[in-house]
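What follows is each chain in one-letter form.
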Amino acid sequence: MTDFIAKCKDEMQKRVVGFEKDLTRVRTGRASISMLDSVKVDYYGTMSPLNQVGTLSTPDARTILVAPFEKKLIQEIEKAIMKADLGLQPNSDGVVVRIPIPQLTEERRKEIVKNLKKMSEEAKVSIRHIRRDVNEEVKKSEKDKKITEDESKRMQDEIQKLTDNFIKAVDERLTKKEKEVMTV
């Protein structure tokens, strides 16, 4: 009985964590190192994540600083950031790469919020699919006489409570991120 609940909880938790990870990649007008997670740099013929070829920091709310481990990588880092199509314009002084984060327009903020809502809906749908799949397994176990009707109802109620809690968690994270995006 607890196997169904544990499986359901584990899968739903993975969806919420995935949603959180997606949220960190969304630009909010504030400098965040996670914005550059998708950037890969050509490091001697191997495509390496940016954080493996240099030190990343945010000296202020509007700048990301990349200090490469090797000076000759500066041009490669600049190219990689431009190629990542993040809407960022890197500048280098021969020692470090500075990436100023431009101010978002009101229109762009609203567009980002719209995309955030779409992402949250996808996460919620995914959670509901997990609920459906686990409920089907529970009903099959009941039909196969592995569990009683009462146990089946109790598990389905528990699965519904889990679903509600995880959907609430997604909504809370969405609200927090929306507020972050809309704050000027």
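For the structure, check the block above.
Residues numbered from 1 in each chain as written. Predicted model: local features only at pLDDT ≥ 70, side-chain atom pairs only at ≥ 80, totals over all residues. Heavy atoms only, no water.

Student: Explain the overall build of the chain residue by residue, including any values.
Tutor: Broken down by element type, the chain carries four helices and six strands. Tracing the chain from N to C terminus, the helices and strands come up as α-β-β-β-β-α-β-β-α-α. Computed over its C-alpha atoms, the radius of gyration of the chain comes to 22 Å, more than 25% above the 16 Å expected for a compact globule of 184 residues. Taking the principal axes of the C-alpha coordinates as reference, the chain spans close to 70 × 40 × 20 Å. (Helix = DSSP H or I, 4+ residues; strand = E, 2+ residues; numbered from the N terminus. Rg over C-alpha atoms; globule rule 2.2 N^0.38 Å.)

Student: Now, about helix α2 (residues 74-83): what can you tell me, with residues and values included?
Tutor: Residues I74, I77, A80 and I81 constitute the buried set of α2. Buried residues of α2 fall within an arc of 125° about the axis and therefore sit on the same side. α2 presents Q75, K79 and K83 as exposed residues on the side facing more than 90 degrees away from its buried surface. Buried-residue contacts for α2 involve β1 (40-43), β4 (63-68), β5 (91-92) and β6 (97-100). D85 occupies a position one or two residues after α2 and carries a positive phi of about 55°. (Buried < 20%, exposed > 50% of the residue type's maximum accessible area, 1.4 Å probe, protein only. Arc of directions from axis to C-beta. Contact = heavy atoms within 4.5 Å.)

Student: Run through the pairing of β6, naming residues and quoting values.
Tutor: Only one face of β6 is buried: it carries V97 and I99, and the other face, with R98 and P100, is open. With four bridges connecting them, β4 and β6 associate as antiparallel partners. Bridge pairing in β6 links L65 to R98. Here β5 runs beside β6; their pairing, made up of two bridges, is antiparallel. In the sheet register, N91 faces β6, and the bridge partner there is R98. From the end of β5 to the start of β6, which pair antiparallel, there are four residues, and G94 there has a positive phi angle of about 90°. (Pairing = 2+ DSSP bridges.)

Student: Residues and numbers for helix α1 (residues 2-24), please.
Tutor: Compared with the 33 Å implied by 1.5 Å per residue over 23 residues, the 33 Å span of α1 between its first and last C-alpha is a close match. F4, I5, C8, M12, V16, F19 and L23 are the residues of α1 that are buried. Structurally, α1 contributes buried residues whose contacts are with α3 (106-143) and α4 (149-182). (Expected span 1.5 Å × (residues − 1).)

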